[in-house]
Structures are given as structure tokens and as C-alpha cells.
Amino acid sequence: MATPRASVVVPVYNTEAWLGAALTSIDRQPGRSTIEVIIIDDGSTDSSGEIARDYARRSPQTRYVRQDNAGLGAARNHGVRLATGGYLAFLDSDDLYPDGGLEHLISIAARAGAGVAVGDMHGFPARPSPPWRAEIVGPARTIASIGQAPLLVGNPSACNKVFARDFVAEVGAEFTEGSAFEDVLFTLPLLLRSPRTVLSPELVYLYRQRGNGSSIMDSRFQPAKIMQHLTIIEQLVAGATDVDEASMAALHRWIAYMQLHYAWRAAGTMDDAQLAEFTRRMAVLLADIPVQVAAEFSPNPHAGLRAVALYEQDPTGVRRPTHTGAARLRGGQLYLDHPNLERYRELLRVPTPTVTVTRIRRGDPAGGESVRLTGRCGLPGPGGRPGAVRADLMLEVGDNRLRLPLVVVADDRADDLRWQVDVPLDELPRGRYALRVVARDQGAELALPPTSGAPGTRAALTVRGRAVWVAPGRRGLRLVVSDPVVTAAAAPARWSRLARHQAERAARRGVRAARQGRQRLRRLTGR
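How each quantity is defined
Residues numbered from 1 in each chain as written. Predicted model: local features only at pLDDT ≥ 70, side-chain atom pairs only at ≥ 80, totals over all residues. Heavy atoms only, no water. Buried < 20%, exposed > 50% of the residue type's maximum accessible area, 1.4 Å probe, protein only. Helix = DSSP H or I, 4+ residues; strand = E, 2+ residues; numbered from the N terminus. Polar contact = N/O pair within 3.5 Å; in protein donor to acceptor, adjacent residues only side chain to side chain. Salt bridge = Lys/Arg side-chain N within 4 Å of Asp/Glu carboxyl O. Phe/Tyr/Trp six-rings, centres within 6.5 Å; stacked < 30°, edge-to-face > 60°. Pairing = 2+ DSSP bridges. Axes fitted to C-alpha atoms, helices over the stretch in contact; angles between N-to-C directions. Right-handed = clockwise from strand over helix to strand, strands pointing away.

**Q** Please explain helix α11 (residues 301–311) as it appears in this structure.
**A** Helical periodicity: at 3.6 residues per turn, an α-helix aligns residues three or four positions apart in one direction. Burial analysis of α11 places 10 of its 11 residues in the buried class, which makes it a mostly covered element. For α11, the full list of buried residues reads P301, A303, G304, L305, R306, A307, V308, A309, L310 and Y311. Measuring from the side-chain oxygen of the N-cap residue of α11 to the backbone nitrogen of H302 gives 3.1 Å; that N-cap residue is N300. Looking one or two residues beyond α11, the residue adopting positive phi is Q313, at roughly 55 degrees.

**Q** How should the pattern of salt bridges be read in this particular structure?
**A** Any two side chains of opposite charge can pair, on the condition that their charged atoms come close. On inspection of all chains with the given rule, the structure shows 30 salt bridges. Of the charged contacts, one joins R57 and D54 as a salt bridge, the two residues approaching to 3.6 Å between their closest N and O atoms. With R57 and D54 both in helix α2 (residues 48–58) and three residues apart, the pair spans about one turn of that helix. Residue classification places R57 among the exposed positions, given a relative accessible area of 64%.

**Q** Looking at this structure, I do not really get the packing of aromatic side chains. What am I missing?
**A** The geometry of two aromatic rings is summed up by the distance between their centres and the angle between their planes. Enumeration over the complete set of coordinates arrives at 10 aromatic pairs. With centroids separated by 5.8 Å and ring planes inclined at 85 degrees, the aromatic side chains of Y97 and Y205 adopt a geometry described as edge-to-face. Taken together, the positions of Y97 in the loop between β4 (87–90) and α4 (101–112) and Y205 in strand β8 (residues 197–208) put the pair 108 residues apart, joining distant regions of the chain. Take Y97 and Y205: they sit in the same class, and that class is buried. Plain terms: the ring middles of F163 and F186 are 5.1 Å apart, the flat faces sit at 80 degrees to each other, and that makes the pair edge-to-face. On the criterion of sequence distance, the pair formed by F163 in strand β7 (residues 161–164) and F186 in helix α6 (residues 184–193) is long-range, its members being 23 residues apart.

**Q** Explain the sheet that holds strand β6 (residues 141–143) to me, please; I cannot follow it from the model alone.
**A** Note: strands within a sheet are paired through backbone hydrogen bonds, in either parallel or antiparallel orientation. Read from one edge of the open sheet, eight strands run β3-β2-β1-β4-β7-β5-β8-β6, paired in mixed fashion. The open sheet has two free edges, formed respectively by β3 (62–66) and β6, since each of these has just one partner strand. Strand-to-strand, the axes of this sheet are offset by a mean angle of 30 degrees, without reference to chain direction. Two strands pair when backbone bridges link them, and strand β1 (residues 6–12) and strand β2 (residues 35–41) are joined in this way by seven bridges, in the parallel orientation. What sits directly across from V9, in β2, is I38.

**Q** I keep staring at unusual backbone geometry and nothing clicks. Help me out?
**A** Geometrically, the link from F124 to P125 is a cis peptide bond, its omega value of -5 degrees lying close to zero. Tracing the sequence through the fold places P125 in the loop between β5 (116–124) and β6. Positive phi outside glycine occurs at N400, with the angle close to 60 degrees. Relative to the elements of secondary structure, N400 occurs in the loop between β14 (389–397) and β15 (402–408). Even without a glycine there, the phi angle at Q442 is positive, about 55 degrees. Tracing the backbone through its elements, the reader meets Q442 in the loop between β17 (431–441) and β18 (444–448).

**Q** Please explain the pairing of β2 as it appears in this structure.
**A** Side-chain positions along a regular strand alternate between the two faces of the sheet. Burial analysis of β2 places seven of its seven residues in the buried class, the great majority of the element. Of the two faces of β2, the one carrying I35, V37, I39 and D41 and the one carrying E36, I38 and I40 are both buried. What joins β1 to β2 is helix α1 (residues 19–27), and the crossover it makes is right-handed. Bridge count for β2 against β3 is five bridges, and the pairing is parallel. When the bridges of β3 are listed, I40 appears paired with V65. The parallel pair β2 and β3 is bridged by α2, and the resulting crossover is right-handed.

In C-alpha cells, the structure reads:
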């Protein structure tokens, strides 16, 4: 008998509802007679075994083997040991090959003499497009190193690929047994070492999303599975000492992307002992990953603070990434302070924070004639203890007329800084004063104009006969200090009504005075 072109390994466990369709999708492939099918029944307790045995009896080049339940990785490894085809392919028993998908992979791999061939895969129901798909957009191409398509490391699934069986044996790649994420230690060592990998945009695999937690793709973020994933990553790195520099850089980027996401999950699901162990092992793993790489996958200051906590082996910071230090300025860019700021500065970068004024009311009576402005500033962490004075953040009223440090307000929120400032009115004559929060660091400054005021800030507040309110302007907010009679036309509605009433009274008095003047003139002239 001729050697099969490829062997498809189909692990089966309690998938009676979908197994028939999966096997039929193999039969719909062109060249089915040259494809070997190896079904490994992993101790199914439903009718899956009967469906598989019946298929094997009536289908060419098909073997059915039953084993005691040992998990997906063990079933796949068993199938690989039995395979005789030139290429290896893997179909999960609840998934499908689209028509021609498997044949396409086998053909392009054979033509290119590739160790690995990769095609597109879609979920059903559909999922958002993953970043790795960018590497297969456009015409099919052959690469000599995964460093030429680095995002592909983010697709460790074995199912949208075929592998030269001799190459698999040479590398010694095996699926992980007794653990989740079985594919990683099989697929990635092969991708990292393949001297010829062919990439195609053709759809070659459809995977099912069951949505009930029973799918292989579900329930990945339980604490035990987070630790299993970390163990697999540690083993992957330990075995990758022989790969080229570009491939290792691609691997580091994927590890940072995955493990920083898992760290966020770990912070919300693990107990203290589990999180401490996770953090300790992550610090070892990150020791070889540049901070700049971790910063690529830290989209906000909270994520950056969590990454710093991982580097520093600080489980408390991983659990709650907050910051109570000063704001620092480097080259006009705002950073969170840290004893090792120069090392971690890319993780501590702060996008220009949004500043708002949320309330205006009377200030502390002990402080004299004043109004209290309350607001928020988009800096992570509470920013210090309630009542603490932030000398690095000043509220500027007018063009350097007043500069007042922000005072921290009690708040349990961790995503911004709540502040208040008492503005003394005895230093402000009538006028409109631009409001800015200014970050200061050793003489350097960065202005942060407030973007909007809450509706309550636009209602005039009367303080000892003076009207004060916050008004929007072209370049931010302004504090308006006014006499309610003299400039009431520019005041909020209730002051405008008063002004109109007073203006109408003044106009009537003027009319009466003019009438009386004309009468006196007629008497004097006799006209």
C-alpha cells in the first residue's frame, strides 16, 4: 500500500452531537483516498465510540483505537505514534474542515517542501479577528524563519496547520499531557525551528464555540489553568535556547502579550498564596524580556503598574496597581514616579490625563472669602492619603495670577485622582480667569486644561454679594467672578433675569425723567 500523503488524527471524547459532521468534513476533501484517518477514542461514555467505529468500518484508510481517558494531549500523541502519512494534521471532533481546506494545506506544503504549512481558521460563532491573521493576508508565501512573520507565534493551534512527520520526529515535538494548552509545546517548537514554513490566506479550519464551558477553548482563566499556562511557557523558554535571535524576539513579544493578560486575570481570581507564587515565577520569566516589549502590551498606566509589580515581584501591586507618588516630567511627557523610573519609564508613561471640574461651592469659612473647586484628574491611584497636598499638581487661576496645590479627596476609586482647591476671592477682582492644572517637576511644567465642567458648576454661587461660576471657553474652563448687577447679562439664567428686571426698571426711570424734562422745557419757553 502506498504511503498516505497525510494522516489526520481525530481525538474523540463525548462529542456524539458533532462527531459525524467532523468525519464527513474529511470525506469531502479532494484526494480523500490518499489521506489516513486515525480516530483515538479517549474513553468516551456516550455514543461517540459507536459513531467512530461505524465510520472506520466503512471508510478507507481509517483506524479506530480506544484508550482509557487520558486527555486531549495523550490522545493526539497516541495518534501521532500510529500515523504513517507524510504530513500530520489534527481535527478536533467537534470542529470541521471546510471543503478543500485540508487538501490545500497538504498541497502547498508538498510543493514548497515545507516543514509546516499554515492557513486561516475561523470560529463559529465568529470571533474578532486575532492579530496573527495579519501574517497570512495577501498571496501565499514561504518564510525561512518565524522572525519573518513574528505575529504567527500567537497562533499555537495545531489544527490550522499540517506538519511534515519526519520534521516532527526530528524536533521531538509532543503535545502536553494532563494539562490545558496542549498545543503550545507541540506547535511552537516546530514553528520556531522550521527552515521552510508556507503561509496561506485560504480558510482551512472551522472551530466550534460551544458557549457552555465544555469546549477546549473555554474556561482558560481559572487559577489552575493560569498556572498550567505559566508552566508551559516556562518549559517553552527553557527549550528555545537554540532558536535564532529574531525568532526569540517574536517569542518574547508573544509571552509578554499573553502573560500580562493572564496576570490581570490572576489578580482577580487567585488567592494571596497563589498570586504570590504566580508573581515570583513571572518575575523570573520577565527577567529576559525587555521592559520596552512589556510596554507594548500595557495599554494604560494601570497595566503598566501591574507589569512593574511583576518585574519587581510585588504581588500586592499585581493585585491592586495603584500609585501614590509624584508625577514626573521627561521631555514634555508625563510619567508616574518610581525609584527605578529610568528602567520602567515606558511602563510608567501616562497619556495626557483628562482633567474636569465637577463642583463649585463655598470654601472653608476659616479660610476667608473663597470658593471650593472639586474635580478629577485621570491619574491612576488615589494619589495619596485624603487631605494630602500635591505640590507637583497645581491649579492655576488666570495667567499665573494664582497657583494653588491640589488637595487629595477621599476616594476608593483607583482609576483617577479626586482633588479640591479653595480659591481665595479676595485676590481676584471681577473678571474671567482661565483654569489649568499644571504638573511640575524640577522646574519643568505641563499644562492640563480642564475639558468640561459638570452642569452644577455653571450655576452662579453668591459669596458675600459676588457671583462666581465656572464657564466653558474656547480653550477650556474659566472661573468667572462678577458683580451680579453690573455684568449680569453674561451670568447664568437666574442672574440674567435679575439683570433684565433691573435694566427695565432703569429704562422706565429714564423715560419718566425725559418726559419730565420736556415738560419743564415747554414751561420755560412758553411753547
